[in-house]
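Inside the fold
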Amino acid sequence: MDIREQLLEKAADSVGQMLRRRVEATPNLPAFMYPDGAEGPNTWTSLTWKQSSDIVDELAGGLLARGLRYEDRVAICSNTRLEWIFLDLAIAVAAGATTTVYPNTGPADVHYIVKDSDSVVFVAENAAQLAKIADDEQLDQQVHTVVVLDPVGVELNDRVVSYQQLREAGRAHNAAHPSALAESIASTTKDTLSTLIYTSGTTGRPKGVRLNHMSWVYEGVAIEHRQIIEKDDLHYLWLPLSHVFGKALIACQVQIGFCSAVDGRIDKIVQGLGEVHPTVMCGAPRIFEKVRAAVLTGNTGLKGKIARWAFSVGYASIEDRLAGRELPGALAFKYKLADKLVFSKLKERLGGRMKFMISGSAKLSPQVQQWFYGAGIIVVEGYGSTETSAIAAVDEPSQPEFGTVGLVVPGVEVRIADDGEVMLRGPIVTPGYHKLGNKNAEVLEEDGWYHTGDIGELTASGRLRITDRKKDLFKTSGGKYVAPQKVEGAIQANIPFVSQSIAIGDGRKYVSALVVLDPALLQKWADKRAIQGGYAELSQRPEIRDSIERWMERVNAKLERWETVKKFTILDHELTVENAGVTANMKIRRSVVTDTYGDLVEKMYPQED
């Protein structure tokens, strides 16, 4: 029996059954922590697996009472919060399917997603999210129930109910029908639809990716088999649950049994880390880049010199530590001093107990990984997509290989096509797109191989390295291929002020870039110099451009000659969902941006033949 068969045999038949097994195994262990939402210091409440499961059952009963049937879709439009998780698990217990909706999605796309998914229940976080499905007669007929988490300013009625009312209805339903939830779970199999996640494509309408219960129960047992996260770990969860990465983490949590502290307020992450002292956190690359940028720009004078010395010591220690060797005497003494003066303070900002962090959803710069590792903080990279249930590969925290996404999860096959495209096959791969059967053949082979659209390679140790998106590669007029993600990664890893960047150069003589500055760091820069003005004005100051010019020299030192950025333009505003610069999950719409700012691009190529 191969590893895939072993894991499939171990896996539950459904998420509902997986939750039942977890509660049976560890009913009194902590499952979730959540804050009171105060503006100042938070008080965190802890719930056991049994307590959490009781709430989930109430919600599941409430959904059944409202008429939810097998594989009926429930759309959730909310920021990350505990109620999101409980509702998602309740939908699974009730044999329904979750449609995830990013809370920053505009009304037009919300309408499209809810209609296309045939969702019959809509969960809105508050009045603002509820307003996104207003004034649509078709949706009024299709969506028979609306649940509002924070009903302030919302008129409740027979169709629009509060989260608490749904729980109350569930208690009554479960008392009257004590076997209903068991029957729903029994009706659910690995092949039952669990989730519809609409990919916020950089072009065109979002596509609904179908993920069955197989995706989540297999992710759970596969990650458990890797023994990356243990039962006694405390995970800090802030990632958007509308994203496949967040969903996969919940599946892993239910299977393994660790506790998650849940708070989706991004501006409260640092505060939350200091309050709950987690051992594990997952995030997108920008979070780690921002931490590094804050350190690089925040220390000046003597403190700055000490920090630079400490990180030089950290870099010098990397080779020995990766090899598992003791540091030689002098270096060991310096590292201990650097840790006391600098690194320990950074670790304390992360809560003081962080064992490792995982970066996903976009490519992480190896330079950022090395910076953290030098300080004694491990950041490894994971890899996947919505179509592969998020976690297709993850590096090993105990022995990281910078620049790779590690080994593919057990039981999943990987191969590199002749053109360098990464292909995957296994239980985590989507069975196809919702109502778009004609699109399936574009990415799925008849024998199950999925075309990821990413270019990559396998290292000597068998780990996967991703270099870029196949469709994003461009060729300069000199015939050299350039991977824009590599260039953009170098820009954001070496210029602390830059939060977004777009490398340009298809058919051009050289590479140029559009860059966006981090508003908070830009303001800090201005405050230190007593310079007045808003983002638009500050970003165009000659002093800041001169500073970026100097940092860009460092960027170019990390790149091949044909990849170096010869010219750049600083945009006077951020790229947002509202101005169509990024998707709902914050991926840059490359073609839209280059078209929108075509005049600025052309100015970087004067008199080009």
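This report concerns the structure included in the present document.

Conventions and cut-offs
- Residues numbered from 1 in each chain as written.
- Predicted model: local features only at pLDDT ≥ 70, side-chain atom pairs only at ≥ 80, totals over all residues.
- Heavy atoms only, no water.
- Patch = residues over 30% accessible without salt bridge, like charges linked within 9 Å, V, L, I, M, F, W, Y side chains within 5 Å.
- Areas by Shrake-Rupley, 256 points an atom, 1.4 Å probe, with all protein chains shown as cover.
- Salt bridge = Lys/Arg side-chain N within 4 Å of Asp/Glu carboxyl O.
- Helix = DSSP H or I, 4+ residues; strand = E, 2+ residues; numbered from the N terminus.
- Buried < 20%, exposed > 50% of the residue type's maximum accessible area, 1.4 Å probe, protein only.
- 1 Å grid on protein atoms, 1.4 Å probe; cavity = no way out; pocket = protein on both sides within 12 Å on 5 of 7 lines; lining within 4 Å.
- Points joined across faces, edges and corners; volume = space filled by probe spheres on them.
- Nonpolar A, V, L, I, M, F, W, Y, C, P; charged D, E, K, R; others polar.
- Pairing = 2+ DSSP bridges.
- Axes fitted to C-alpha atoms, helices over the stretch in contact; angles between N-to-C directions.
- Contact = heavy atoms within 4.5 Å.
- Left-handed = near helix turned anticlockwise from the far one by under 90°.
- Polar contact = N/O pair within 3.5 Å; in protein donor to acceptor, adjacent residues only side chain to side chain.

Examining a nonpolar patch on the surface
Where nonpolar side chains cluster on the molecular surface, the patch consists of L302, I306, W309, F333, L337 and L341 and spans about 570 Å² of accessible area. Looking at the nonpolar patch, the elements that each hand over two or more residues are α14 (301–322) and α15 (329–349). Residue classification places F333 among the exposed positions, given a relative accessible area of 60%.

Quick notes on empty space enclosed by the protein
Where empty space is left in the structure can be found by rolling a water-sized probe over the atoms. One pass over the full model with this rule turns up 1 cavity of 30 Å³ or more. Along the wall of the largest cavity there are 14 residues; nearest its centre are V15, D88, L89, W216 and K247. Here the lining of the largest cavity is built from residues that sort into 9 nonpolar, 3 polar and 2 charged.

A short note on the sheet that holds strand β24 (residues 498–504)
The strand order across the open sheet built from 3 strands is β24-β25-β26, with neighbouring strands paired in mixed fashion. A single partner strand is all that each edge strand has here, and the edge strands are β24 and β26 (565–570). Direction aside, the axes of adjacent strands within the sheet are offset by 25 degrees on average. The sheet strands contacting helix α18 (residues 484–494) are β24, β25 (511–517) and β26, and the helix crosses β24 at an angle near 150 degrees. Lying over the sheet, helix α21 (residues 542–557) contacts β25 and β26, oriented at roughly 145 degrees with respect to β26.

Observations regarding the packing of helix α2 (residues 15–25) against helix α3 (residues 49–65)
Across the interface, α2 lies against α3 with an axial gap of 9 Å and an inter-helix angle of 145 degrees. Here α2 and α3 pass one another in a crossing that is left-handed. Between α2, through L19, R20, R22 and V23, and α3, the contact on the second element is made entirely by W49, K50, S53, V56 and D57. Grouping the amino acids of the contact of α2 with α3 by side-chain chemistry returns 4 nonpolar, 1 polar and 4 charged.

Quick word on the side chain of S365
As for its placement among the helices and strands, S365 is situated in the loop between β13 (356–359) and α16 (366–374). In terms of polar contacts, S365 uses its side chain to reach the backbone amide nitrogen of Q367, at 3.1 Å. Excluding residues that lie within four positions of it along the chain, S365 makes contacts with G489 and A493.

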